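Each chain, letter by letter, is given below.
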Amino acid sequence: MSVEQAPVQRADFDQVMVPNYAPAGFIPVRGAGSRVWDQAGRELIDFAGGIAVNVLGHAHPALVAALTEQAQKLWHVSNVFTNEPALRLARKLVDATFADRAFFCNSGAEANEAAFKLARRVAHDRFGPEKNEIIATVNSFHGRTLFTVSVGGQPKYSDGFGPKITGISHVPYNDLEALKAQISDKTCAVVIEPVQGEGGVLPADKAYLQGARELCDKYNALLVFDEVQTGMGRTGELFAYMHYGVTPDILSSAKSLGGGFPIGAMLTTEELAKHLAVGTHGTTYGGNPLACAVGNAVIDIINTPEVLGGVKAKSDRFKARLEKIGQQYGIFSEVRGLGLLLGCVLSEAWKGKAKDVFNAAEKEDLMILQAGPDVVRFAPSLVIEDADIDAGLDRFERAVAKLTQG
Ligand SMILES: *Cc1c(COP(=O)(O)O)cnc(C)c1O
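The shown structure was predicted, so the numbers you read here are calculated from the model rather than taken from an experiment.

Looking at this model, I keep getting lost on the side chain of Glu 364. Mind explaining?
Structurally, the position occupied by Glu 364 is in the loop between α14 (354-363) and β15 (366-367). Engagement of the side chain of Glu 364 in a polar contact is seen with the side chain of Arg 398, the distance being 3.1 Å. Setting aside anything within four residues of it in sequence, one finds Glu 364 in contact with Arg 395, Arg 398, Ala 399 and Lys 402.

What follows is the structure, encoded as structure tokens:
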């Protein structure tokens, strides 16, 4: 069956790929649970989860079954037709959340693009073209399309590509007074990550999100929660808004939603959804049967007391050990985050050196993440075995020991 393929190696990357990434020096070829193997057969423990995507680890049997079963049946029909997996997944998301309607797409950026376009459309329809301003937060991350980098609060991602989308301002995160000072009748949406992920794993204060909700109501603005990173069980609730008890008008999801298969979703109410009438927005692959079949299997497993409850216990296990490592080696000033989205803030002496920690971990056969230059991030599978947590943290401690003892 399988056709003989020419061998490839890491060096090929620099020959054939656009150099916008700088991947690690090895090529992963196989994964199972929270273990990954490279071309040379080296076994790594995975605390990165493909950047908060592999929510059930690698090659989870239920996801493999869902994907292969669907692959035998129907891959793609486009949105000229609907399909069973998409309808089932939408029903599950609607039943489990504040939302009445789902729009499917293929990534987080696309989910946010839909969210921002919907917010502008609603304001345009209800109040006219003047009400088009979007308020987002400094250091936020919403994706890499032009609209989403413009809303994102990191100039390094938005500068140098010509004119940005206009009508967007950025206020400091977790600063309700700043939001209060900026919001006006021209504001159509306030966009917030309940935990800033890429920006450094910084959780919102409850009072901040509650205050943002009240301000949005007062100014007829929509509250958009970007839950691309925090959603699908990552924080120990299906979505982080449930943890905070603050309900958005629009929510974007992606990453963990497909457990490694590309899919994104925008969730909203029936009243708002109406504004995206036939023909106003779309994407060829959105609601693709393969992606939705996997998404169905993901939510069936994630949205259970066993898995969500397990996140809290595993989070505590991680945190306790990370705090100990931080103290012993003086490398972290703080361990923060929610559930299994954890960030270790580097202490003054180690500021800017998250990449060094990443490299040291890789040498000890451990995959971790950064969240900017000052924060080491962990986003493992939600069902990672305790034994893998302990073994991975042993490796992490060895890496930190070698790094700090030079
Ligand atoms: C990753 C991420 C995105 C972008 O998702 P893509 O699938 O890379 O387009 C958007 N928002 C947040 C909060 C993210 O973490």
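Please explain the site of the ligand as it appears in this structure.
The ligand sits among Ser 107, Gly 108, Ala 109, Asn 112, Phe 141, His 142, Gly 143, Glu 193, Asp 226, Val 228, Gln 229 and Lys 255. At a separation of 2.7 Å, an oxygen atom of the ligand approaches a polar backbone atom of Ala 109. A distance of 2.7 Å separates an oxygen atom of the ligand from a polar atom in the side chain of Gln 229. When isolated, the ligand has an accessible area of 380 Å², and the protein chains bury 82% of it. Each residue belonging to the shell around the ligand can be placed in one class, and the counts come to three nonpolar, six polar and three charged.

Honestly, the nonpolar core in this entry has me stumped. Any pointers?
Burial of nonpolar side chains together is a common tendency in soluble globular proteins. In terms of nonpolar packing, the biggest core is built from 94 residues, with Ile 368, Val 376, Phe 378 and Phe 396 touching the most fellow members. Counting contributing residues per domain, this core is built from domain 1 (10-59 + 306-404) and domain 2 (74-302), each supplying no fewer than three. Residues in contact with Phe 396, not counting those within four places in the same chain, are Leu 322, Ile 325, Phe 332, Val 357, Leu 366, Ile 368, Val 376 and Phe 378. Ranked by size, the runner-up nonpolar core spans 23 residues in total, among them Phe 103, Ala 119, Val 122 and Ile 134.

Help me out: how do you make sense of the domain arrangement of the protein in this one?
For an interface, size is often stated in terms of accessible area lost upon the parts coming together. Examined at the domain level, the protein breaks down into domain 1 (10-59 + 306-404) and domain 2 (74-302). Centre-to-centre, using C-alpha coordinates, domain 1 lies 27 Å away from domain 2. Across the boundary between the two partners, domain 1 contributes 24 residues, which contact 25 residues of domain 2. Approximately 2,100 Å² of surface area, both sides summed, lies buried where domain 1 meets domain 2, with 65% of it carried by carbon and sulfur atoms. Among the residues of domain 1 in contact with domain 2, Leu 308, Leu 338 and Leu 341 are the three that bury the most area, contributing 30% of the side total. Along the contact surface separating domain 1 from domain 2 lie one salt bridge. A salt bridge links Glu 198 to Arg 377; the shortest N-O distance between them is 2.8 Å. Our enumeration of links across domain 1 and domain 2 arrives at eight residue pairs in polar contact (both at pLDDT 80 or more). Those elements giving two or more residues to the side of domain 1 that touches domain 2 turn out to be α2 (49-52), α13 (305-329), β13 (332-338), β14 (341-346) and β17 (375-378). Here the residues of the side of domain 1 that touches domain 2 sort into 17 nonpolar, five polar and two charged.

Is there a simple way to think about α13 in this case?
For the α-helix, the turn length of 3.6 residues means that residues three or four positions removed from each other point alike. Its 25 residues place the ends of α13 36 Å apart at the C-alpha level, agreeing with the 36 Å of an ideal helix rising 1.5 Å per residue. Along α13, the residues classified as buried are Val 307, Leu 308, Gly 310, Val 311, Lys 314, Ser 315, Phe 318, Arg 321, Leu 322, Ile 325, Gly 326 and Tyr 329. Summarising the contacts, the buried residues of α13 are in contact with α12 (289-302), β13, β14, β17 and α15 (386-404). Among the residues trailing α13, Gly 330 stands out with phi positive, at a value near 60°.

What is the right way to look at helix α4 (residues 84-96) in this model?
In this model, α4 (13 residues) spans 18 Å end to end at C-alpha, consistent with the 18 Å of a helix rising 1.5 Å per residue. Within the sequence span of α4, burial applies to Pro 85, Ala 86, Leu 89, Ala 90, Leu 93 and Val 94. The arc that holds the buried residues of α4, viewed along the axis, is 160°, so those residues lie on one side. Set apart from the buried face of α4 by more than 90 degrees, the exposed residues are Glu 84, Leu 87, Arg 91 and Asp 95. One side-chain oxygen at the N-terminal end of α4 lies 2.9 Å from the backbone nitrogen of Ala 86; it belongs to Asn 83.

What exactly am I supposed to notice about the packing of helix α3 (residues 61-71) against α12 here?
Packed helix pairs are characterised by how far apart their axes lie and by the angle those axes make with each other. The geometry of α3 relative to α12 is characterised by a closest axis approach of 9 Å and an angle of 150° between their N-to-C directions. One element, α3, and the other, α12, form an angle in the roughly antiparallel class. Regarding α3 and α12, the two cross each other, and that crossing is right-handed. On the side of α3, the interface is formed by Ala 62, Leu 63, Ala 66, Leu 67, Gln 70 and Ala 71, while α12 contributes Pro 289, Leu 290, Ala 293, Val 294, Ala 297, Val 298 and Ile 301. Among the residues forming the contact of α3 with α12, the class breakdown is twelve nonpolar, one polar and no charged.

For this particular structure, what's the right way to read the pattern of salt bridges?
For the structure on display, the rule yields 25 salt bridges. Across the pair Arg 213 and Asp 249 runs a salt bridge, and its minimum N-O distance is 2.9 Å. Linking Arg 213 in helix α9 (residues 206-218) with Asp 249 in the loop between α10 (240-244) and β11 (250-253), this pair joins segments that are 36 residues apart in sequence. Put simply, Lys 312 and Asp 316 hold a salt bridge, and the shortest N to O gap is 3.0 Å. One end of the pair, Lys 312, and the other, Asp 316, are both in helix α13, four residues apart, so they sit about a helical turn from each other. On the basis of relative accessibility, which here comes to 53%, the residue Lys 312 falls in the exposed class. Taken together, the salt bridges that share partners define one network made up of Asp 38, Arg 42, Glu 362 and Asp 365.

Rules used in this analysis
Residues numbered from 1 in each chain as written. Predicted model: local features only at pLDDT ≥ 70, side-chain atom pairs only at ≥ 80, totals over all residues. Heavy atoms only, no water. Helix = DSSP H or I, 4+ residues; strand = E, 2+ residues; numbered from the N terminus. Polar contact = N/O pair within 3.5 Å; in protein donor to acceptor, adjacent residues only side chain to side chain. Contact = heavy atoms within 4.5 Å. Near = heavy atom within 4 Å. Areas by Shrake-Rupley, 256 points an atom, 1.4 Å probe, with all protein chains shown as cover. Nonpolar A, V, L, I, M, F, W, Y, C, P; charged D, E, K, R; others polar. Core = buried A, V, L, I, M, F, W, Y, C linked by side-chain atoms within 4.5 Å. Buried < 20%, exposed > 50% of the residue type's maximum accessible area, 1.4 Å probe, protein only. Domains from an automatic or database assignment. Buried area = accessible area lost by both parts, 1.4 Å probe. Salt bridge = Lys/Arg side-chain N within 4 Å of Asp/Glu carboxyl O. Expected span 1.5 Å × (residues − 1). Arc of directions from axis to C-beta. Axes fitted to C-alpha atoms, helices over the stretch in contact; angles between N-to-C directions. Parallel < 35°, antiparallel > 145°, perpendicular 65-115°, else oblique. Left-handed = near helix turned anticlockwise from the far one by under 90°.

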